[in-house]
Each structure stands twice: as C-alpha cells, then as structure tokens.
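So the chains spell out like this:
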Amino acid sequence: MSYTTLISAEQLQALVKSAKPLRIFDCTFDLMKPSAGQEQYLASHIPGAVYANLDTALSAKHGVPGAHGVITASGADAPASGGRHPLPNREKFATWLSSVGLANDMQAVVYDRNGANYCGRLWWMLKWAGHENVAVLDGGLQAWQAAGGAVNSGEEPAHFQANFLLAPARASLVSVQTVAEQLGRPAQTLVDARATPRFKGEVEPLDPVAGHIPGALNRPFSQNIGPDGKFKPAAQLKAEFETLLAGRDPATVVHHCGSGVSAVPNLIAMEVAGLGRTGLYAGSWSDWCSNPERPVAQG
C-alpha cells in the first residue's frame, strides 16, 4: 500500500516495522530564526529521518544585488520560480534527493512541528519531481510522540547515495506570467494562504509591499488544521472550500501565499477533500509585488 496525501502516526509505525523501502524527512523550520529548525531536529526527530532545510535544500539560491539589479543563479543553479523562497530546478532537486538516499521505489513521508506549514513544501516538490508516493504525517512529530513513537537526538548516520530519476511532473507549477495573463478571468481562481491581516495589507512583516493580488480569495492555511493538530475530516474540508469558492470550479484554483510554502496545506486539503490536485504559484506574493507595475489590492 502506498500513501499519497496523509499518513497517520500509527500507519507510519506499521510501515517502519514492515521494512518496506521508506525515507522520512523532518522539515521543521522557523522563518524568523532559520537555524531553529535544525536545532529542533537535533534535539528530537523520528529515527532515521533526514533533515530537509527550507533555505538550503528546498529553495534555490536567493538573488544577490548587482550593478543592474538582482542577479539570480544561472545554468545548473537556475531557479524554477521567483520569490523569497525560489524553487530549485527539478534537476538540482533530484541531485539532493539522490544525495540523501531517496530512490524511486521508496515511500516518502514528510513531517514538521508547524502544522504542516513547511513539510507540505517537500510533499509538493516530490510530486513535481514525479514521485507520487509521498505523504504528510498527519499531526506531525507531536502526533508521532503521542502515539508512543520513539525519537532520536543528534545526527543520523549518512544514507547510501541513491540515483533518483525524475519523471513527468505530477503537480502543476503556475508561472507569474500565467497568473498575470489570467488575472480576473473565470479560468483562474487565486487562493491566498496568508493570515488575514497580511492579506488585507494591514501588516507586512516579510515583504516590501503590503496587500494581495487583486481578486484573490483568502484562506489562511491554519484553517485546515483541527484542534487535535491534524487535518480536518475530508467532508468538513470539502464544505469549507466549497463555501470559499462559491460556485467557482475547483479545477481553476491556483494557490499562493508569501513565498510558496504555506500555500501547500491548502492544496493538500483540497486533495484530501476530493476536489482534485490544484495549481501552485510558487513565487507567490513576494514574487508578484517585486514588480511595481503589477496591480495590488488592499482591504
């Protein structure tokens, strides 16, 4: 049996005991203190888990100031998107997956301590790389420990290198050009996962411009998680998204947030709800507002 959306702590425990090919990734992170995620990983993690750092493993190198504007990496390091956390290109990502021992026949399981905020990024990237068998540990490390799962501290032994081969993408990466061209058209429904005060432009702690893309709907990613720290039941998620969309076709949805990370829990929730796998504008608000000619809405 393979897992492609969510996996419970009990299911993961059974999978570990089965000795089937498996790679677990800890994606814990903190935007305000980037070193904190790895520190928490070293303090406690699921045995055998690989640490996946948002900044260094799951993002391309950030642009650097140059004489004529921001210079982005080129060639083998060229990013696949813009924004504050630009996606690495698929080839670069596959090289990293190979280096940490993920093979194409493995089940991947991703988790964090942050309500699936960061591990969703790796879930989506693996789909984008053509690897369907990846699931989010529902409830994260907290659920694992509550179910009696063991934890390790410190570094894990290095894994043998694998040869991860890219396959046709199973996730849709939407470019800024497409978002701009389809703005205001029925063929595109933008859903912004940022907290409502940021969406309205009342506060902006991270990006140079406050506000949102005109016409976008707002659903903070935390609304997908119930009081138990796990994703809400599928029927509840479906009802909530149908209310948000108000008759719009779920297939037209393109998710975004500040930098393409916290948008993914909304994407996962729609899939759990049976509404299909929708698109991701990975550059998100940080990419959109970098061009002063693009329209901005507030309120």
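Residues numbered from 1 in each chain as written. Predicted model: local features only at pLDDT ≥ 70, side-chain atom pairs only at ≥ 80, totals over all residues. Heavy atoms only, no water.

## Thoughts on the sheet that holds strand E1 (residues 6-7)
For clarity, the threshold we go by: Pairs of strands are assigned from DSSP output, requiring at least two bridges between the strands. To qualify as a helix, a DSSP run of H or I must reach at least 4 residues; to qualify as a strand, a run of E must reach at least 2; elements of each kind are numbered from the N terminus. Every residue pair with non-hydrogen atoms within 4.5 Å of one another is taken to be in contact. For every element, the axis is a line fit to its C-alpha atoms; helices are fit only across the contacting stretch, and the angle between N-to-C directions ranges from 0 to 180 degrees.
Here we have five strands laid out as an open sheet, ordered E1-E7-E6-E2-E3, and parallel in their pairing. Edge positions in the sheet fall to E1 and strand E3 (50-51), since each has one partner strand and no second. Taken together, the two bridges between strand E2 (residues 22-26) and E3 define a ladder with parallel strand orientation. Bridging from a neighbouring strand, aspartate 26 pairs with tyrosine 51 of E3. The strands touched by helix H4 (residues 119-128) are E2, strand E6 (107-111) and strand E7 (134-137); relative to E7, the strand with the most contacts, the crossing angle is about 170°.

## Points about the packing of H4 against helix H9 (residues 264-272)
If you want to describe how two helices pack, look at the angle between their axes and the distance between the axes. Keep this limit in mind: When the near helix sits turned anticlockwise from the far one by under a right angle, the crossing is termed left-handed; a clockwise turn instead gives a right-handed crossing. In this count, Pro and Cys sit with the nonpolar residues alongside Ala, Val, Leu, Ile, Met, Phe, Trp and Tyr, while Asp, Glu, Lys and Arg are called charged and the others, Gly among them, polar.
Across the interface, H4 lies against H9 with an axial gap of 8 Å and an inter-helix angle of 65°. Here H4 and H9 pass one another in a crossing that is left-handed. Two secondary-structure elements touch here, H4 through Gly120, Arg121, Trp123 and Trp124 and H9 through Val264, Leu267, Ile268 and Glu271. When its residues are assigned to classes, the contact of H4 with H9 shows five nonpolar, one polar and two charged.

## Quick notes on the environment of tryptophan 123
Keep this limit in mind: Relative accessible area decides the class of each residue, using a 1.4 Å probe on protein chains only: under 20% of the type maximum gives buried, over 50% gives exposed, and in between gives partly exposed.
Looking at where tryptophan 123 falls in the secondary structure, it is placed in helix H4. What makes tryptophan 123 buried here is its relative accessible area of 0%. Sequence separation between tryptophan 123 and valine 264 is 141 residues, and the spatial gap between their C-alpha atoms is 8.5 Å. Ignoring anything within four residues of it in the chain, the contact list for tryptophan 123 reads Thr4, Thr5, Val110, Val134, Ala135, Val136, Val264, Leu267, Ile268, Glu271 and Arg277.

## Observations regarding the pattern of salt bridges
Side-chain pairs of opposite charge can arise where the charged atoms are in close proximity. Condition: The salt bridge criterion pairs a side-chain nitrogen of Lys or Arg with a carboxyl oxygen of Asp or Glu, the two atoms within 4 Å.
In total, this model carries 15 salt bridges according to the counting rule given. As a salt-bridge pair, arginine 113 and aspartate 26 come within 3.1 Å of each other at their nearest N and O atoms. On the criterion of sequence distance, the pair formed by arginine 113 in the loop between E6 and H4 and aspartate 26 in strand E2 is long-range, its members being 87 residues apart. Comparing arginine 113 with aspartate 26, the two get one shared label, buried. Between arginine 198 and aspartate 207 there is a salt bridge, with the nearest N and O atoms lying 3.3 Å from each other. For the pair shown, arginine 198 and aspartate 207 are each scored as buried. Through salt bridges with shared partners, a single ionic network connects Arg84, Asp192, Arg194, Arg198, Glu204 and Asp207.

## Overview of H4
Counting buried residues along H4, 10 of its 10 residues qualify, which places the element largely inside the surrounding structure. Listed as buried for H4 are Cys119, Gly120, Arg121, Leu122, Trp123, Trp124, Met125, Leu126, Lys127 and Trp128. Phi turns positive one or two residues past the end of H4, at glycine 130, with a value near 95°.

## Regarding the packing of aromatic side chains
The line we're drawing: The criterion for an aromatic pair is that two Phe, Tyr or Trp rings (for Trp, the six-membered ring) have centres within 6.5 Å, with stacked assigned to planes under 30 degrees apart, edge-to-face to planes over 60 apart and tilted to the rest. For a lysine, the NZ atom is tested; for an arginine, the CZ atom; a charge sits over a ring if that atom is within 6 Å of the ring centre and within 35 degrees of the ring normal.
Using the criterion set out here, one finds five aromatic pairs in the structure. Ring centres 5.4 Å apart and planes at 35° place the aromatic pair tyrosine 41 and tyrosine 51 in the tilted group. With tyrosine 41 in helix H2 (residues 36-43) and tyrosine 51 in strand E3, this residue pair connects regions lying 10 residues apart in the sequence. Among the residues examined, tyrosine 41 registers a relative accessible area of 4% and is labelled buried. Their ring planes at 15° and their centres at 6.3 Å tell us that phenylalanine 93 and tryptophan 96 sit as a pair that is stacked. Taken together, the positions of phenylalanine 93 and tryptophan 96, both in helix H3 (residues 90-99) and three residues apart, correspond to about one turn of that helix. Of the residues examined, phenylalanine 93 reaches a relative accessible area of 0% and is grouped as buried. Through successive ring pairs, a cluster of aromatic residues spans Phe25, Phe93 and Trp96. The lysine or arginine in question, arginine 219, covers the ring of phenylalanine 241, its NZ or CZ lying 4.3 Å from the ring centre. Across from the ring centre of tryptophan 288, 5.6 Å away, lies the NZ or CZ of arginine 294, which sits over that ring.

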